[in-house]
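Structural description and commentary
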Amino acid sequence: MSAADWKQRCEAEWSLQGAPMPDSVDWKSVYEAKPLGRNLLKNPSPHGLSKDTPPPEPQLSDVPRRGPPRFQPEGDFSGWTTGIEVLPYDTSDIPPGAVVCQLPQYSWFSMEQVVDLKAEGLWEELLDEFQPEIVIQDWYEESQLHKHIYQLHVKLLGADKSTVISEHTVNPTEDCSAYSHTWKEVSYVFSGYGPGVRYVHFLHRLKNSWMNDFFSTVFANSSVIVNPTKTSS
């Protein structure tokens with residue numbers, strides 16, 4: 001196939017009428033990369049779970065754990081950069097003078113990825129002039145370990161990987177008054193963000209606790225998807 005044929009195939013498959021499509025782009029490589037409409041995050045469900053099935057119920061071990069406390073959940077986190085922040089004991093709800101034998105110790109488990117949009121097959125003219133929608137979606141378990149169990153921070157970065165062109169943060173407060181234990185969706189659409197975007201930095205943190213045993217908050221089906229859609233700024 002000729003370069004013109006590959007260009008025509010890209011335009012037809014993604015309905016890119018009106019988008020800049022310069023002849024200097026390697027359209028065969030773009031078509032093979034298929035950067036539009038697919039999840040650009042690697043390993044989006046490292047716990048092996050899916051939002052289409054209920055999250056697993058917490059299991060208390062019959063045998064008390066020995067050794068140091070555990071602060072990281074189990075899973076294959078390849079593709080993610082991970083970190084642990086062990087938090088001070090939370091005594092905010094304890095009345096003055098109350099005697100407490102033991103408190104849970106909480107930790108944030110952070111996971112982040114940086115998506116290189118050009119390496120995934122997108123071209124500069126599309127990002128700068130057309131500015132297609134960049135759709136963020138995440139699902140986290142309503143573990144009810146604490147009133148704050150989830151945080152999300154997504155940044156659209158320039159070519160230097162440090163200039164923030166646009167960003168979105170989520171830090172919900174959970175209702176712990178009734179047990180529900182379901183998946184909760186978080187989503188956001190970046191549009192009209194301006195020229196210069198080359199990277200997407202995706203970071204979320206989930207809270208875990210330790211008291212005689214380890215209890216985690218898990219997630220599934222995280223995604224960063226660039227849609228062949230332009231919305232007005």
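The text that follows walks through the structure, step by step, so that each part is easy to find. Owing to the predicted nature of the structure, the values given are computational and were not obtained by experimental measurement. (Residues numbered from 1 in each chain as written. Predicted model: local features only at pLDDT ≥ 70, side-chain atom pairs only at ≥ 80, totals over all residues. Heavy atoms only, no water.)

1. Overview of the overall build of the chain
Condition: Helix and strand definitions follow DSSP, with helices as H or I runs of at least four residues and strands as E runs of at least two, each counted in order from the N terminus. The criterion used for residue contact is that any of the two residues' heavy atoms lie within 4.5 Å. Accessible surface area values rest on a Shrake-Rupley calculation with a 1.4 Å probe, where residue burial reflects the displayed protein chains alone. Positive charges come from Lys and Arg, negative ones from Asp and Glu, while His and the chain ends are left out of the count. We put the charge of a Lys on NZ, of an Arg on CZ, of an Asp on CG and of a Glu on CD.
Each helix and strand in the chain was counted, giving three helices and nine strands. Across the chain, helices and strands are ordered from the amino to the carboxyl terminus as α-α-β-β-α-β-β-β-β-β-β-β. Dimensions of the chain, computed from C-alpha atoms along their principal axes, come out at roughly 75 × 35 × 30 Å. Long-range contacts, defined here as pairs at least 24 residues apart, represent 79% of the contacts in the chain between residues at least 6 apart. Summed over all atoms, the accessible surface of the chain reaches about 12200 Å², with 50% contributed by carbon and sulfur. Counting 19 positive and 31 negative side-chain charges, the chain places the averaged centre of each group 3 Å from the other.

2. Focus: the sheet that holds strand β6 (residues 183-190)
Worth spelling out the cut-off: Two strands qualify as a pair provided that DSSP identifies no fewer than 2 bridges between them. For helices, the axis comes from a line fit to the C-alpha atoms of the stretch in contact; other axes are also lines fit to C-alpha atoms, and the angle between any two N-to-C directions lies between 0 and 180 degrees.
Across the sheet, which stays open at both edges, the three strands sit in the order β6-β3-β9 with antiparallel pairing between neighbours. The open sheet has two edge strands, β6 and β9 (219-226), and neither has a second partner. Adjacent strand axes in the sheet meet at a mean angle of 10°, parallel and antiparallel pairs treated alike.

3. Section: the side chain of H201
Applied cut-off: Type-normalised accessible area, obtained with a 1.4 Å probe on protein chains alone, sets the label of each residue: buried when under 20%, exposed when over 50%, and partly exposed for intermediate values. The term polar contact refers here to a pair of N or O atoms within 3.5 Å; inside protein, the definition further demands a hydrogen-donor-capable atom paired with an acceptor-capable atom, and it admits residues adjacent in sequence only when both atoms are side-chain atoms.
Position of H201 relative to the elements: it lies in strand β7 (residues 199-210). The class for H201 is buried, based on a relative accessible area of 11%. A polar contact is formed between the side chain of H201 and the side chain of E112, at a distance of 2.6 Å. Setting aside residues no more than four positions away along its own chain, H201 makes contact with E112, Q113, V114, H153, V154, K155 and L157.

4. Some thoughts on the environment of N171
Within the secondary structure, N171 is located in the loop between β5 (164-170) and β6. For N171, a relative accessible area of 45% translates into the label partly exposed. It is 8.7 Å that separates the C-alpha atoms of N171 and H153, two residues lying 18 residues apart in sequence. Each residue touching N171, except ones within four places of it in the same chain, is listed here: H148, Y150 and Q151.

Worth remembering: the numbers are spatial, not functional.
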